[in-house]
Amino acid sequence: MIKCEKCGKEIECVKVDYFLYGGSDGFESVPFEEHKNGIYIDLSLNWCGYEFDEDSEEILDCIRCPHCGKYPFIDTEIQKYEFERVVMFKQNCRDDIRGESNESKKM
Ligand SMILES: [Zn+2]
């Protein structure tokens, strides 16, 4: 169970600021995963903190407790990671490709 360290209430998500139409922005609820001594969230690149450094004041203002509206942790360390998607293939994938091309020839 994770509690906001500012207001003490239990949280199951955080509010994350996203860019919206026409340069506006708005907060959306994002569920988090617990990770060792903290939490993590996976975000698309249109969140407002994307261009801020990990140690900037601005990035802390883009993530808020849904109850009190403050950054939910006393510690202000944030670590951002990019990750790569790795795709693996089943044994019959080549047969599937041939099957599709055969069908398109018939048409
Ligand atoms: Zn709070």
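Coordinates for the structure precede this section.
What comes next is a walk through the structure. (Residues numbered from 1 in each chain as written. Predicted model: local features only at pLDDT ≥ 70, side-chain atom pairs only at ≥ 80, totals over all residues.)

## Examining the overall build of the protein
From N to C terminus, the protein includes 2 helices and 7 strands. Along the protein, helices (α) and strands (β) appear in the sequence β-β-β-β-β-β-α-β-α when read from the amino end. Contacts in the protein between residues far apart in sequence, at least 24 positions, make up 48% of those at least 6 positions apart. (Helix = DSSP H or I, 4+ residues; strand = E, 2+ residues; numbered from the N terminus. Contact = placed C-beta atoms within 7 Å.)

## Some thoughts on unusual backbone geometry
A positive phi angle is found at Lys36, which is not glycine, with a value near 50°. Here Lys36 shows up in the loop between β5 (33-35) and β6 (38-40).

## Regarding the nonpolar core
Of all hydrophobic cores here, the largest spans 10 residues; its members are Cys4, Ile11, Val14, Val16, Trp47, Ile59, Cys62, Ile63, Cys65 and Tyr71. Those residues in contact with Ile59 that sit more than four places away from it in its chain are Gly49, Phe52, Asp53, Glu54 and Ile78. (Core = buried A, V, L, I, M, F, W, Y, C linked by C-beta atoms within 7 Å. Buried ≥ 20, exposed ≤ 12 C-beta atoms within 10 Å, placed from the backbone.)

## Observations regarding the sheet that holds strand β4 (residues 25-31)
If you trace the 3 strands from one edge of the open sheet to the other, you get β4-β3-β7, paired in antiparallel fashion. Two strands bound the open sheet, and with one partner strand each, they are β4 and β7 (63-64). Across 2 bridges, strand β3 (residues 13-19) lies against β7 in antiparallel orientation. From the neighbouring strand, Val16 faces β7, where its bridge partner is Ile63. (Pairing = 2+ DSSP bridges.)

## Overview of the pairing of β3
When β3 meets β4, the two strands line up antiparallel, connected through 7 bridges. Residue pairing across strands places Val14 opposite Val30, the latter belonging to β4. In textbook terms, the turn of a hairpin is the stretch between consecutive antiparallel strands, and for β3 and β4 this stretch comprises 5 residues, one of which, Gly22, has a positive phi near 65°.

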